[in-house]
Number of protein chains: 2
Amino acid sequence: MSLRISTKGRYGIRAVSRIAVERESLPVSLHTISREEHIPLHYLEQLLLRLRRKGLVSSIRGPKGGYVLNRRPDRISVAEILEALEGKLSMTDCLSRGECSLDKKCILNPFWARLNDRIQSDLDNITLEELVSGAWERKLKPAVHIKDPA
Amino acid sequence: MSLRISTKGRYGIRAVSRIAVERESLPVSLHTISREEHIPLHYLEQLLLRLRRKGLVSSIRGPKGGYVLNRRPDRISVAEILEALEGKLSMTDCLSRGECSLDKKCILNPFWARLNDRIQSDLDNITLEELVSGAWERKLKPAVHIKDPA
DNA sequence: ACTAAATCCGACTATTTTTGTCAAGTATAA
DNA sequence: TTATACTTGACAAAAATAGTCGGATTTAGT
């Protein structure tokens with residue numbers, strides 16, 4: 001099953017979404033997120049740690065503590081969240097390393113790159129706010145392709 | 001690094017591409033593909049096995065043998081090749097299993113599904129012929145999104 | 001000051017997936 | 001008959017993923 005998004009990415013998105021919907025920007029604790037989103041507590045801990053180090057969330061320690069967003073949800077893209085958790089979006093190593101291991105330049109490389117760009121573009125374009133409000137649906141239309149004439 | 005295409009998929013596409021460009025549909029041997037595309041022989045062997053079982057290629061045994069395409073390159077989509085090698089394209093298990101493990105329906109599911117559809121659509125739309133000829137570039141335009149007004 | 005609620009952090013483990021490798025067999029052209 | 005080439009299943013190494021643990025630190029409330 002190719003092109004998967006790991007649980008890391010999906011858990012992480014669920015987590016920040018939960019923080020985002022908290023009224024009055026109250027801190028949301030790991031326990032709360034873990035319980036409500038069914039994410040293993042200690043695993044979740046790791047994910048929020050990454051997100052904090054990348055500057056997406058801040059933590060508040062002690063009782064009544066938890067996590068809050070560092071920016072408004074409409075200023076955070078889905079791509080940013082995924083990238084913080086799983087690293088840069090890259091379909092192939094060639095793309096991230098910038099060059100192909102093959103002697104003769106691999107002609108497929110530009111194809112992967114284009115595909116990569118299109119997905120990246122989609123993820124860049126959707127904000128956390130749109131994700132939780134459902135507004136993403138207007139932006140991310142089902143793709144329509146021109147059929148070959150039979 | 002998320003949303004990767006494994007070597008299985010990339011090797012496989014390179015392999016069928018090599019078979020596709022062989023003039024006069026002569027069979028191309030594993031050795032030839034392995035040598036020219038720098039793919040480990042015995043690994044390649046497995047990949048071609050899958051492709052044969054899925055009906056994309058046929059094998060010819062004995063000296064001067066090798067593999068040939070079962071259909072014209074313009075009748076084989078990139079999606080088919082990838083699916084034969086790596087299984088159905090699916091960003092999340094939820095999508096392939098059809099249902100989410102969460103009690104309350106996960107609101108993110110439709111989002112992953114839409115993203116999935118868009119990629120699938122891209123891959124369905126490009127044929128092997130277009131891939132090797134470079135014609136894919138006309139079909140798969142760089143995505144342009146409407147910027148938020150500042 | 002004490003306690004309990006919470007995050008912090010590194011190290012560790014388990015599981016799964018990916019990426020191969022190998023050996024013994026079968027088919028066939030020359 | 002021989003060398004070339006595919007067939008098949010089993011095995012193995014390496015990497016990535018997913019999860020666990022223990023102890024430390026911070027802080028609100030009493």
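Residues numbered from 1 in each chain as written. Chains lettered and ligands numbered in written order. Predicted model: local features only at pLDDT ≥ 70, side-chain atom pairs only at ≥ 80, totals over all residues. Heavy atoms only, no water.

Student: Provide a residue-level description of the relation of the copies chain B and chain A, including the pertinent values.
Tutor: Mapping chain B onto chain A calls for a rotation angle of 180° and an axial translation of 0.0 Å; the resulting RMSD is 0.0 Å. The symmetry that links the two subunits is that of a two-fold axis. By C-alpha distance to the rotation axis, the residue of chain B lying nearest is B:L3, at 2.2 Å. Both copies share a contact surface, since 100% of the interface residues of chain B are interface residues in chain A too. (Least-squares fit on C-alpha atoms with pLDDT ≥ 70 in both. Contact = heavy atoms within 4.5 Å.)

Student: Give a detailed account of the environment of A:R50, specifying residues and quantitative values.
Tutor: Residues and elements named next belong to chain A. In this structure, R50 sits in helix α3 (residues 41-53). With a relative accessible area of 36%, R50 lands in the partly exposed category. Separated by 88 residues in sequence, R50 and R138 have C-alpha atoms that sit 30 Å apart. (Helix = DSSP H or I, 4+ residues; strand = E, 2+ residues; numbered from the N terminus. Buried < 20%, exposed > 50% of the residue type's maximum accessible area, 1.4 Å probe, protein only.)

Student: Give me the lowdown on helix α3 (residues 41-53) of chain B, citing residues and values where you can.
Tutor: Residues and elements named next belong to chain B. Its 13 residues give α3 an end-to-end C-alpha distance of 18 Å, which sits within 8% of 18 Å, the value for a rise of 1.5 Å per residue. Turning to α3, its buried residues number three or more, namely L44, L47, L48 and L51. Mapping the buried residues of α3 onto a view down its axis gives an arc of 95°, with all of them on the same face. In α3, those exposed residues whose orientation departs by more than 90 degrees from the buried face are H42 and R53. Those residues of α3 that are buried are in contact with α1 (7-21), α2 (30-37), β1 (57-60), β2 (66-69) and α4 (78-86). Phi turns positive, to about 80°, at G55, one or two residues after α3. (Expected span 1.5 Å × (residues − 1). Arc of directions from axis to C-beta.)

Student: Could you give an account of the interface of chain B and chain A, naming the residues involved and the relevant values?
Tutor: Taken together, the contact between chain B and chain A spans 51 residues of the former and 52 residues of the latter. Taken together, both faces of the contact between chain B and chain A bury some 5,200 Å²; the carbon and sulfur share is 61%. Taken together, the connections running from chain B to chain A amount to 4 salt bridges. A salt bridge links A:R118 to B:D122; its shortest N-O distance comes to 2.8 Å. (Buried area = accessible area lost by both parts, 1.4 Å probe. Salt bridge = Lys/Arg side-chain N within 4 Å of Asp/Glu carboxyl O.)

Student: Break down the protein's contact with DNA strand D for me, citing the residues and quoting the values.
Tutor: Every one of the 28 residues lining DNA strand D counts as a neighbour, but A:Q46, A:R61, B:E45, B:R52 and B:S59 are closest to it. When the atoms of DNA strand D within 4 Å of the protein are sorted by group, sugar and phosphate make up 61%. With respect to DNA strand D, the side chain of A:T7 contributes an N or O atom lying 3.0 Å from a phosphate oxygen. Within the side chain of B:Q46, one N or O atom sits 3.2 Å away from a base nitrogen of DNA strand D. For the surface near DNA strand D, the element with the highest residue contribution is α3(B), accounting for 5 residues. Its residues assigned to classes, the surface near DNA strand D comprises 10 nonpolar, 11 polar and 7 charged. (Near = heavy atom within 4 Å. Polar contact = N/O pair within 3.5 Å; in protein donor to acceptor, adjacent residues only side chain to side chain. Nonpolar A, V, L, I, M, F, W, Y, C, P; charged D, E, K, R; others polar.)

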